[in-house]
Amino acid sequence: MGNRVVLALGGNALGDDLASQMEAVKQTSKAIADLIEAGNEVVIAHGNGPQVGMINNAFTEYGKIDPKYPYMPLSMCVAMSQAYIGYDLQNALREELRNRGINKTVTSVITQVVVDEKDPAFQNPTKPIGPFMNEIEAEEATKRGMIVKEDAGRGYRRVVASPKPVSIVEIDTIKAILDAGQVVIACGGGGIPVVEEGNHLRGVGAVIDKDFASCVMAQQVEADNFIVLTAVEKVAIKFGTPEQEWLSSMNIEEANVHIGNNEFAPGSMLPKVEAAMEFAESKEGRKSLITSLEKAQEGLEGKTGTWITAK
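Asker: How do you make sense of the overall build of the protein when you look at a structure like this?
Answerer: For the protein, the count of helices and strands is 9 helices and 17 strands. By principal-axis analysis of the C-alpha atoms, the protein measures approximately 55 × 45 × 40 Å. Residues counted as buried form 49% of the 311 residues belonging to the protein. Taking the intrachain contacts of the protein between residues at least 6 apart in sequence as the baseline, contacts between residues at least 24 apart amount to 72%. Accessible surface, the protein: about 14900 Å² in total, of which carbon and sulfur atoms supply 50%. Across the protein, the 30 positively charged side chains and the 42 negatively charged ones have centroids separated by 2 Å.

Spelled out as structure tokens, the structure:
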């Protein structure tokens, strides 16, 4: 038997629009099927940047036509993106598995992720989302409770917080699907951000980093490996310079040194490395891998990629 693995798919695995998404998931499914065919239990998480933006923009434009629908809450936009990305991905992966004679169901779980309402990120929202607005539109958005900031002279945009994930609401369902020997897609787009109010879960206008949400899910399903899939085969230091060096492994101490030296770009490689570090530190024997989608199986075999370990 292989390992229990959580995959965090990068944006390049899904395309930027409907047509490219349908084509991208076919190639993505081949790489994921390789892991399943090798005997691994697989949970798949994915980003939703272009998709959730498209949904948000569509409802914003519709609200201009019909004032009864001024805007769609961001939490619902995330839910919609989970469903339609999951629909394409689960069907493509099911077909690829069937073509290989592997009879497994693939199920997408609409996943809510609890965040802390007191997270400092809510005091300083920085994540831009939605279309550019002129001054009048910005004033209207502010009246509706949105936080709007000027974007480098290009107009105004809504900004939202990016709080850290605390726990996965549907984790028992995800575990049950895994324990039944099936494949599950969950935490799409970092999950639908919710805060707990007694027994009630209230959606909030925020964006959760999908790598950190995937890391929490990996811990909660007792995964052996957490694999962060990105556009490059390995993590590098001195990236883009003549001294560039590809790394095959890092322990936590080494990774912290590289972070202190600003080797990893914020909003790009840095959160991937930090999420990988968090999982590796969470329990003895756990390891994280950062590599490209195409090299995932080779990475698990120890042939490539950057492994992150506690020591």
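So, next bit.
Asker: Any chance you could explain the sheet that holds strand β12 (residues 225-230) here in plain terms?
Answerer: By way of backbone hydrogen bonds, the strands of a sheet pair with one another, either parallel or antiparallel. Ordered by their spatial adjacency, 8 strands build an open sheet running β3-β9-β2-β1-β12-β16-β17-β15, and the pairing between neighbours is mixed. Two strands in the sheet have a free side with no partner beyond their single neighbour: β3 (106-108) and β15 (249-251). Here the strands of the sheet are splayed against their neighbours by 20° on average, with no regard to which way each runs. Pairing of β12 with strand β16 (residues 287-292) involves 6 bridges; the strand directions are parallel.

Asker: In this structure, what is going on with the pairing of strand β11 (residues 200-203)? I would like to understand it.
Answerer: Across a regular strand the side chains alternate sides, sitting on one face of the sheet and then on the other. As paired elements, strand β10 (residues 192-197) and β11 share 4 bridges and run antiparallel to each other. Opposite V195, over in β11, you have R202 as the bridge partner. Here β10 hands over to β11 after 2 residues, with G198 in that stretch at a positive phi of 65°.

Asker: What should I look at first to understand the pairing of strand β2 (residues 41-46) in this one?
Answerer: Most of β2 is tucked away, with 5 of its 6 residues classed as buried. Pairing between strand β1 (residues 4-9) and β2: 6 bridges, direction parallel. Across the sheet, V6 pairs through a bridge with V43, a residue of β2.

Asker: Can you help me understand the layout of surface pockets in this one?
Answerer: The method is simple in principle: a probe with the dimensions of a water molecule rolls over the atoms, and the space it marks as empty is what remains. Empty space within the largest pocket amounts to approximately 960 Å³. When contributions to the lining of the largest pocket are tallied by element, the ones reaching two or more residues are α2 (49-65), α3 (74-99), β5 (127-133), α6 (210-220), β12 and α8 (269-282). In terms of residues, the lining of the largest pocket owes the most to one element, α2, which gives 5 residues. Looking at the lining of the largest pocket residue by residue, the class counts come to 20 nonpolar, 17 polar and 8 charged.

Asker: What's the story with the nonpolar core in this structure? I'm lost.
Answerer: As a rule of thumb, soluble globular proteins bury nonpolar side chains together. Of all hydrophobic cores here, the largest spans 46 residues; its most connected members are I174, M217, F226 and V273. Counting residues per element, this core draws most heavily on α8, at 8 residues. Setting aside residues up to four positions removed in sequence, F226 forms contacts with V6, A8, D211, S214, C215, A218, A275, A276, F279, K287, S288 and L289. Counting residues in each nonpolar core, the second largest holds 28 residues, with L9, I85, A92 and L229 among its members.

Asker: Looking at this structure, how should I read the pattern of salt bridges?
Answerer: Two side chains that carry opposite charge are able to pair once their charged atoms sit near each other. Under the definition given, this model contains 16 salt bridges. Note that E117 is salt-bridged to R202, the shortest N-O span being 2.5 Å. Taken together, the residues span a long stretch of sequence, with E117 in the loop between β4 (112-115) and β5 and R202 in strand β11 at a distance of 85 residues. The exposure class of E117 is partly exposed, given its relative accessible area of 46%. By relative accessible area, which is 28% here, R202 ends up partly exposed. A salt bridge links K210 to D211; the shortest N-O distance between them is 3.1 Å. Several salt bridges share partner residues, and in doing so they unite K30, D34, E37, E96 and R100 into one network.

Asker: Quick question: what am I supposed to make of helix α7 (residues 252-260) here?
Answerer: An α-helix turns once per 3.6 residues; consequently, residues spaced three or four apart project the same way. Along α7, the positions that sit buried rather than exposed are I252, A255 and H258. An end-on view of α7 places all buried positions within 120° of arc, on one side of the element. Relative to its buried face, α7 has exposed residues pointing more than 90 degrees away, namely E253 and G260. Elements that come into contact with the buried residues of α7 comprise β13 (235-237), β14 (245-247), β15, α8 and β17 (306-309). Regarding α7, its N-cap is N251, as a side-chain oxygen of that residue lies 3.2 Å from the backbone nitrogen of E253 further along. Looking at the residues trailing α7, positive phi occurs at N262, about 60°.

Cut-off values and rules
- Residues numbered from 1 in each chain as written.
- Predicted model: local features only at pLDDT ≥ 70, side-chain atom pairs only at ≥ 80, totals over all residues.
- Heavy atoms only, no water.
- Helix = DSSP H or I, 4+ residues; strand = E, 2+ residues; numbered from the N terminus.
- Buried < 20%, exposed > 50% of the residue type's maximum accessible area, 1.4 Å probe, protein only.
- Contact = heavy atoms within 4.5 Å.
- Areas by Shrake-Rupley, 256 points an atom, 1.4 Å probe, with all protein chains shown as cover.
- Lys, Arg positive; Asp, Glu negative; His and termini not counted.
- Charge placed at Lys NZ, Arg CZ, Asp CG, Glu CD.
- Pairing = 2+ DSSP bridges.
- Axes fitted to C-alpha atoms, helices over the stretch in contact; angles between N-to-C directions.
- 1 Å grid on protein atoms, 1.4 Å probe; cavity = no way out; pocket = protein on both sides within 12 Å on 5 of 7 lines; lining within 4 Å.
- Points joined across faces, edges and corners; volume = space filled by probe spheres on them.
- Nonpolar A, V, L, I, M, F, W, Y, C, P; charged D, E, K, R; others polar.
- Core = buried A, V, L, I, M, F, W, Y, C linked by side-chain atoms within 4.5 Å.
- Salt bridge = Lys/Arg side-chain N within 4 Å of Asp/Glu carboxyl O.
- Arc of directions from axis to C-beta.
- Polar contact = N/O pair within 3.5 Å; in protein donor to acceptor, adjacent residues only side chain to side chain.

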